[in-house]
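Coordinates in review
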Amino acid sequence: MTPMALTIGDETLSDRQKDVLNAALSLLVEGGDGLTMTGVARRASCSKETLYKWFGDRDGLLTATVQWQAAKVRMVPVDRETLDKRTLAIALEKFGRNLLSVLAGDVSVALNRLAISHAGQEKRNLGAIVLENGRFAMGKRLKPVLEAGRDAGLLAFEDSETAFRTYYGLVVRDVQLRLLLGEHLDLGETEIASDVKRAREQFFTLYGA
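Below, the structure is looked at part by part. (Residues numbered from 1 in each chain as written. Predicted model: local features only at pLDDT ≥ 70, side-chain atom pairs only at ≥ 80, totals over all residues. Heavy atoms only, no water.)

**Re the layout of surface pockets**
Test applied: Both site types are read off a 1 Å grid over the protein atoms alone. A 1.4 Å probe that fits but cannot get out defines a cavity, while an open set with protein on both sides within 12 Å along at least five of seven lines defines a pocket; lining residues have an atom within 4 Å of a point. Grid points are joined across faces, edges and corners, and a volume is the space filled by probe spheres set on the points. Think of it this way: any DSSP run of H or I at least four residues long counts as a helix, any run of E at least two long counts as a strand, and we number them from the N terminus. We call Asp, Glu, Lys and Arg charged. Ala, Val, Leu, Ile, Met, Phe, Trp, Tyr, Cys and Pro are nonpolar, and the rest, Gly among them, are polar.
Estimates place the volume of the largest pocket at around 410 Å³. Along the wall of the largest pocket there are 20 residues; nearest its centre are Asn112, Val130, Gly134, Arg135 and Gln176. Among the secondary structure elements, those contributing two or more residues to the lining of the largest pocket are α4 (58-70), α5 (85-103), α6 (106-118) and α7 (126-151). Ranked by residues supplied to the lining of the largest pocket, first place goes to α7 with 6 residues. Its residues assigned to classes, the lining of the largest pocket comprises 13 nonpolar, 6 polar and 1 charged.

**Topic: helix α3 (residues 48-55)**
Inclusion rule: Think of it in three bands: residues with accessible area under 20% of the maximum for their type are buried, residues over 50% are exposed, and the middle band is partly exposed, with areas taken using a 1.4 Å probe on protein chains only. The reported arc concerns the directions from the helix axis to the C-beta atoms and nothing else. By the convention used here, residues are in contact when the closest approach between their heavy atoms is within 4.5 Å.
Of all the residues in α3, the buried ones are Leu51, Trp54 and Phe55. Seen along its axis, α3 keeps its buried residues to an arc of 75°; they face one direction. Exposed positions of α3 whose direction lies more than 90 degrees from the buried face are Glu49 and Lys53. Its buried side turned inward, α3 meets α1 (15-31), α2 (37-44) and α4. Just downstream of α3, Gly56 is the residue with a positive phi angle, here 90°.

**A look at the packing of aromatic side chains**
For clarity, the threshold we go by: Each Phe, Tyr or Trp ring, with Trp reduced to its six-membered ring, pairs with another whose centre is within 6.5 Å; inter-plane angles below 30 degrees give stacked pairs, above 60 give edge-to-face pairs, and intermediate values give tilted ones. Two thresholds decide whether a charge sits over a ring: the Lys NZ or Arg CZ must be within 6 Å of the ring centre and within 35 degrees of the ring normal.
Applying the stated criterion across every chain, the model contains 5 aromatic pairs. A connected cluster of aromatic rings, assembled from ring pairs, spans Phe157, Tyr167, Phe203 and Tyr207. Positioned over the ring face of Tyr168 is Arg135, at 5.8 Å from the centre of the ring.

**Here we look at the packing of α2 against α3**
For clarity, the threshold we go by: Axis lines are fitted to C-alpha atoms, over the contacting stretch for helices. Their N-to-C directions set the angle, which ranges from 0 to 180 degrees. Comment on the angle field: the value is read as roughly parallel under 35 degrees, roughly antiparallel over 145, roughly perpendicular from 65 to 115, and oblique elsewhere. The crossing is said to be left-handed when, going from far helix to near helix, the turn is anticlockwise and less than a right angle, and right-handed when the turn is clockwise.
Interhelical geometry of α2 versus α3 gives an angle of 110° and a closest axis separation of 9 Å. The orientation of α2 with respect to α3, classified from their angle, is roughly perpendicular. In this structure, α2 meets α3 at a crossing whose hand is right-handed. In this structure, α2 uses Met37, Thr38, Val40 and Ala41 to contact α3, whose residues at the interface are Lys48, Leu51 and Tyr52. Its residues assigned to classes, the contact of α2 with α3 comprises 5 nonpolar, 1 polar and 1 charged.

**With respect to unusual backbone geometry**
Even without being a glycine, Ser45 presents a positive backbone phi close to 55°. Mapped onto the secondary structure, Ser45 falls in the loop between α2 and α3.

**So, the environment of Ala152**
Turning to its location among the elements, Ala152 is positioned in the loop between α7 and α8 (160-172). For the pair Ala152 and Asp84, spaced 68 residues apart in the sequence, the C-alpha separation amounts to 7.6 Å.

Here's what the structure looks like:
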């Protein structure tokens, strides 16, 4: 069954759809691969017919669930005509704080642990879904801002993918790996803001024009 096309985000999903995706996320955290359309329907108090109408099948539901989680990492829009170093710094730090906050949350840790267990399987699986709608989607979200900074003479780089990977690495560092391996890290808003500011400063040192 072909899933209904949904644009995943706060502005485009109904409250009911958000409830369903949150139910799916909670079940993934609790039961990993045990996620079923029946289980989600029961947890969200809706019919399986509704799930199939919105998402098509389990893979469609998994994709929408990961997209819903990834949608929490938002990019501050920038005006190419008026972009300056301060505005670019604000946009990068906002993105970095959202990214690190989401990746450090229990839901993302559980999703990524489960995705790793799917890695390398031939069938379409959660590993592929997380990679496509997580890391790759983050690049598509941030690279236009980096390119706008370059076009404004604020940054200097040849390849936007390399620049993105550098900033992503400076923000995330080894935090995600340590969390995946079970280490408890105290990452409150203050710590995250400080880490991301440092990452942005390091990025400007490397790529500032």
